[in-house]
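Analysis of the macromolecular model
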Amino acid sequence: AAAGALRRAGWRLWRGRAVVRCQHYPPLRALQASAVLRRVSHEHRKEPLTSSSQQQFDSQPDGHQPEQEPQGPRPSYTGQGGQESEDYESEEQLQHRILTAALEFVPEHGWTAEAIAEGAKTLGLSVAAAGMFHSDGSELILHFVSECNTRLSELLEQEQKLVQLGKAEKKPTDEFLRHAVEARLRMLIPYIEKWPQALSVLLLPRNIPSSLSLLTSMIDDIWHYAGDQSTDFNWYTRRAVLTGIYNTTELVMLQDSSPDFEDTWRFLENRVADAMNMSNTASQVQSTGEAVVQGLMGAAVTVSN
Amino acid sequence: VYQVFESVAKKYDVMNDSMTLGIHRVWKDILIHKMNPSPGTLLLDVAGGTGDIAFRFINYVRSVREQQLQRKLKHHQNLSWQEIFESYQEDKSNSLGDSQVVVCDINREMLKVGKQKAQHLGYSEGLSWVLGNAEELPFDDDKFDVYTIAFGIRNVTRIDLALQEAYRVLKPGGRFLCLEFSRVSNPVISRLYDLYSFQVIPVLGEVIAGDWKSYQYLVESIRQFPPQEELKAMIEDAGFFKVDYENLNFGIVAIHSGFKL
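Definitions and cut-offs
Here the residue numbers are simple positions, counted from 1 along each chain's written sequence. Starting at A for chains and at 1 for ligands, labels are handed out in the order in which the entities are written. At least 70 in pLDDT is required for a residue's local features to be given in this predicted model, at least 80 for side-chain atom pairs to be given and counted, and no such filter applies to totals for whole chains, interfaces and linings, which use all residues. Just so you know, side-chain values use all the structure's heavy atoms and leave hydrogens and water out. UniProt positions are given in the numbering used here, feature names are shortened, and annotations may be inferred rather than shown by experiment. Numbering of helices and strands starts at the N terminus; helices are DSSP runs of H or I of at least 4 residues and strands are runs of E of at least 2. Only protein chains enter the accessibility calculation, which uses a 1.4 Å probe; a residue is then buried when its area is under 20% of its type maximum, exposed when over 50%, and partly exposed in between. Any two residues having at least one pair of non-hydrogen atoms within 4.5 Å are treated as being in contact. For helices, the fitted axis covers only the stretch in contact; all axes are lines through C-alpha atoms, and the angles between them, taken along N-to-C directions, range from 0 to 180 degrees. In what follows, roughly perpendicular refers to angles from 65 to 115 degrees, roughly parallel to angles under 35, roughly antiparallel to angles over 145, and oblique to any angle outside these ranges. Side-chain classes are defined by residue name, with Ala, Val, Leu, Ile, Met, Phe, Trp, Tyr, Cys and Pro counting as nonpolar, Asp, Glu, Lys and Arg as charged, and the others, Gly among them, as polar. Residues enter patches when they are more than 30% accessible in relative terms and free of salt bridges; like-charged ones are connected within 9 Å and nonpolar ones (Val, Leu, Ile, Met, Phe, Trp, Tyr) within 5 Å. Exposure was quantified through the Shrake-Rupley algorithm and a 1.4 Å probe, taking into account, for residues, occlusion by the shown protein chains and nothing else. Salt bridge, as used here, is a side-chain nitrogen of Lys or Arg placed within 4 Å of a carboxyl oxygen of Asp or Glu.

An unreviewed UniProt entry lists chain B under the name COQ5 protein, with Sakesphorus luctuosus given as the organism. Regarding chain B, the relevant UniProt record gives this comment under Function (unreviewed entry): "Methyltransferase required for the conversion of 2-decaprenyl-6-methoxy-1,4-benzoquinol (DDMQH2) to 2-decaprenyl-3-methyl-6-methoxy-1,4-benzoquinol (DMQH2)." Listed in UniProt under the heading Subunit (unreviewed entry), the comment for chain B reads: "Component of a multi-subunit COQ enzyme complex, composed of at least COQ3, COQ4, COQ5, COQ6, COQ7 and COQ9. Interacts with PYURF; the interaction is direct, stabilizes COQ5 protein and associates PYURF with COQ enzyme complex."

As recorded by an unreviewed UniProt entry, chain A carries the name Ubiquinone biosynthesis protein and is attributed to Sakesphorus luctuosus. According to UniProt, the comment filed for chain A under the heading Sequence similarities (unreviewed entry) is "Belongs to the COQ9 family." We quote the UniProt Subcellular location (unreviewed entry) comment for chain A here in full: "Mitochondrion".

Regarding the UniProt feature "domain: Ubiquinone biosynthesis protein COQ9 HTH" (unreviewed entry) in chain A
Within this structure's numbering, the places UniProt gives as "domain: Ubiquinone biosynthesis protein COQ9 HTH" (unreviewed entry) are residues 91-121 of chain A. Each end of residues 91-121 of chain A is marked by a C-alpha atom, and these two atoms are 17 Å apart; helix forms 84% of the span and strand 0%.

Things to note about the environment of L31(B)
All names here are of chain B. Locating L31 in the fold gives a position in helix α3 (residues 23-35). Residue L31 is classed as buried on the basis of its relative accessible area of 0%. Non-local contacts of L31, meaning those with residues more than four positions away in its chain, are made with I53, T148, L177, L179 and I255.

Digging into unusual backbone geometry
All names here are of chain B. Backbone geometry at F151 places phi at a positive 55°, although glycine is not the residue there. As for its placement among the helices and strands, F151 is situated in the loop between β4 (144-150) and α7 (159-169). Accessibility expressed as a relative area gives 8% for F151, which makes it buried.

A word on the packing of helix α7 (residues 138-164) of chain A against helix α10 (residues 208-225) of chain A
Residues and elements named next belong to chain A. For the pair α7 and α10, the least separation of the axes is 10 Å and the interaxial angle reads 5°. Classed by the angle they form, the pair α7 and α10 counts as roughly parallel. On α10, the residues touching L142, V145, S146, N149, L152, S153, L156, E157 and Q160 of α7 are S210, S211, L214, M218, D221, I222 and Y225. Here the contact of α7 with α10 is composed, by residue class, of eight nonpolar, six polar and two charged.

Focus: a nonpolar patch on the surface
Residue and element names in this part refer to chain A. A cluster of nonpolar residues, L203, I208 and L212, forms a patch on the protein surface that exposes about 280 Å² of accessible area. In this fold, L203 is placed in the loop between α9 (195-202) and α10. By relative accessible area, L203 is classed as exposed at 61%.

Spelled out as structure tokens, the structure:
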């Protein structure tokens, strides 16, 4: 019993170190055949088949391949079964894979634990693996939103590169904003039927911090790529305005039944135009105000003379 | 341990109710809710003699299945009468959606009581009763989706062996759930709990089941059992990931959960 306690204590230290090193070195228990996490390395070769079908399902029209991040950090498997190696993915990576697989089942089952269970099944895991996540599907939705934001960033980055290389023209701000918001909202199209459910889950108090931070970082990204360099109060107003545009357009999209959501894009165009006008109007009001004041001063001087 | 349960088998349920003032039903319900099984789940309930967990599991899966079917029917707006008839046929024969429970216990008497209860309450499908030892399960590897052991792991002599067996028979991605009496950290509650355990429970045992010694043993074994963190470490030792525990009633009872990943 003492030996067992010592072993456990020693192992806990080891695990503590492992955690500090961000799980680069798998804990001792890896030697005891972690059934799925190691098997994942085996399936590294088979992965491209399943993930490419995933990519086809939700790839953008401009054909750029979304990054499947679980594959990236994993170095190639050097196949010596049971040896200590850095091929083990962490639990988070496995959870990411399960959630990505689960997205396929969302149109049928909604954003629920059922969809996650089906996703786990396609990865060869038991349906009980869905117990790792909350039963209302919050993690699935947050995962999806963060994936969409990542895809949007990459898209904007690529376009920026094209502009820098001189292969494309820089768009004026309003057109850029319209393009970015439209691209981001189009990612919702495959899930549009169940999206209202997702929005309501995102508004649960438990999820609000995460969903809010995802939203603000996305808006930030868009403005960054739009070339916003402001360091004054404008920074806040710009983001507030764009957040308003994005949210209202999203809501319009939910009840839009026109072909290819034309009504939504027209609504978006109008809102962006409004926003541009508003900033013009603001400066106009300011200059008009100044002119009026000057006029009054002039009149006062004249009268006094 | 065997003789203890042989003698208590018949009065087991009654004693449970009186000892815990009926709260054990709530604990078991919470366990099943936490499991959130979907239809098609294969459950192994070890040391589940009188079938409490098994019956709750079946009820839960049945209601989930009904909801699923209702949702499916809502989508089928424009079917012909023939198609509707066919879908009713196939669904009626599948009210559990292929879920199954295997109840395993080391004690024949407990299993007998369980089978009788099942018959009495009308549970006919999806149940199997197997005699077996938690330290050496008579099942193949990678078979079950969920493994539960409710108030049973305390009675296993080599807990680590039982955990290893649990790991072995679970499918990859499978879940281990353990409901057991545990340590109360709150000093006030702890004192009241001790008082109740040592004074009241053996007396109840004598009055209801005519067996002071078994219930004395029970209360002492609870005190001897490793506390939450230690059990968590043992579960991790066996190879489970994402091991976590949830205290119910200030730690009187705890649910430990781990995944075979």
